[in-house]
Structure formats: structure tokens, C-alpha cells
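# Structural characterization, general
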Amino acid sequence: QVQLIESGGGLVQAGGSLRLSCAASGLSFSTYSMGWFRQAPGQDREFVASISSPNGVSKYYGDSVKGRFTISRDNAKNTVYLQMNSLKPEDTAVYYCNTNLDGSRLRVGKVSGSWGQGTQVTVSS
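Below: a short report on this structure. Keep in mind that this is a model prediction, so the values were computed, not measured.

What characterises a pair of aromatic rings is the spacing of the ring centres plus the angle enclosed by the ring planes. Tallied over the entire structure, the rule returns 3 aromatic pairs. Ring plane angle 70 degrees and centroid distance 6.0 Å describe the contact between F37 and F47, whose orientation is recorded as edge-to-face. Residue F37 is located in strand β4 (residues 33–39), and its partner F47 is located in strand β5 (residues 46–51); the two are separated by 10 residues in the primary sequence. Among the residues examined, F47 registers a relative accessible area of 16% and is labelled buried. On the basis of an interplanar angle of 75 degrees and a centroid distance of 5.8 Å, the ring pair of Y96 and W115 is categorised as edge-to-face. Within this pair, whereas Y96 is found in strand β9 (residues 93–100), its partner W115 is found in the loop between α1 (103–106) and β10 (119–124), the two being separated by 19 residues in sequence. Taken together, the ring pairs connect F37, F47, Y96 and W115 into an aromatic cluster. The ring centre of Y96 lies 4.9 Å from the NZ or CZ of R45, which sits over that ring. Above the face of the W115 ring, R45 is positioned so that its terminal group lies 3.8 Å from the ring centre.

As C-alpha cells, then:
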């Protein structure tokens, strides 16, 4: 059973930065592409970023975060990160990570793991 635990969220002023972490267990981490998603109240979950397996040579970002967010992975720690810079109030959401053997499926919201608790990111004006 895949377990994903997100952390690193918090309250930050517009223009600030946060780094989110997602620790994975129950899978051969290095063989899976990983992705970040977010969901604001009353809205659908949306794709934020993905990174390929095993070395993360391919990275993709949602249009709204391109140039501001960076996804990375550390296979030795079974962890994927999301560095968020130049945060905007519209980035406020609960952020989740998930996985898929086929990284391209992450970009259309297809995941193979259960959703964790997520981590709340709140950006003030």
C-alpha cells in the first residue's frame, strides 16, 4: 500500500517562498514518476508539477506556476520536493503529492496512490 505524507506548508506573505516535501513509502520510489497537485476550497484538484523517474530529467509544470515553482526528487530519501517562489494569493490551496508509473498520466490527474492529508499553503496579500 502506497503512503504519501506531505509537509512544509504554512502561512506566507505574497512574494515569499515555501518548500514542500512528500515522503513516500510502500512503493519502489525510484521507478515512479511523482507529481504535485493542489485543491482550493470549492474547486477541483489541479495539476501543479511532475517529475520523471528515476532521475527526474523531465519536469512539467502547470501554466499557472511555470517560472515560479520547481519540482525535484531525492530517491535516497524517497522524497519529492516542491520549491515555491514568488507566491501569490491564488496559490492558496491544500497541496498533495501522488505517483504513477507513467508520468504522462500525472499531467491529466491520473494517479496510482491514495491521497494523503495534504499540506495547507496560505498566501496572504
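Now, onward.
Before going further, it helps to examine the sheet that holds strand β1 (residues 3–7). The strand order β1-β3-β8-β7 describes an open sheet built from 4 strands, whose pairing is antiparallel. Taken across any chain shown, the strands that pair with only one partner, and hence form the sheet edges, are β1 and β7 (69–74). Across the sheet, the mean angle from the axis of one strand to that of its neighbour is 15 degrees, orientation sign disregarded. As defined by bridge partners, β1 adjoins strand β3 (residues 18–25) across 5 bridges and the pair is classed as antiparallel. If you follow S7 over to β3, its bridge partner there is S21.

Following S53, the chain continues to P54 via a peptide bond in cis, the omega torsion being -10 degrees. Assignment of secondary structure puts P54 in the loop between β5 and β6 (59–61). The backbone of N78 sits at a positive phi, close to 50 degrees, despite the residue not being glycine. Even without glycine at this site, S86 takes up a positive phi of about 50 degrees.

This paragraph deals with the pattern of salt bridges. As enumerated under the stated definition, the model contains 4 salt bridges in all. With a closest N to O distance of 2.9 Å, D91 and R38 form a salt bridge. With D91 in the loop between β8 (79–84) and β9 and R38 in strand β4, the pair connects residues that are 53 residues apart, well separated along the chain. Across this residue pair, the class does not change: D91 and R38 are buried.

Definitions and cut-offs
- Residues numbered from 1 in each chain as written.
- Predicted model: local features only at pLDDT ≥ 70, side-chain atom pairs only at ≥ 80, totals over all residues.
- Heavy atoms only, no water.
- Phe/Tyr/Trp six-rings, centres within 6.5 Å; stacked < 30°, edge-to-face > 60°.
- Helix = DSSP H or I, 4+ residues; strand = E, 2+ residues; numbered from the N terminus.
- Buried < 20%, exposed > 50% of the residue type's maximum accessible area, 1.4 Å probe, protein only.
- Lys NZ or Arg CZ within 6 Å of the ring centre and 35° of its normal.
- Pairing = 2+ DSSP bridges.
- Axes fitted to C-alpha atoms, helices over the stretch in contact; angles between N-to-C directions.
- Salt bridge = Lys/Arg side-chain N within 4 Å of Asp/Glu carboxyl O.

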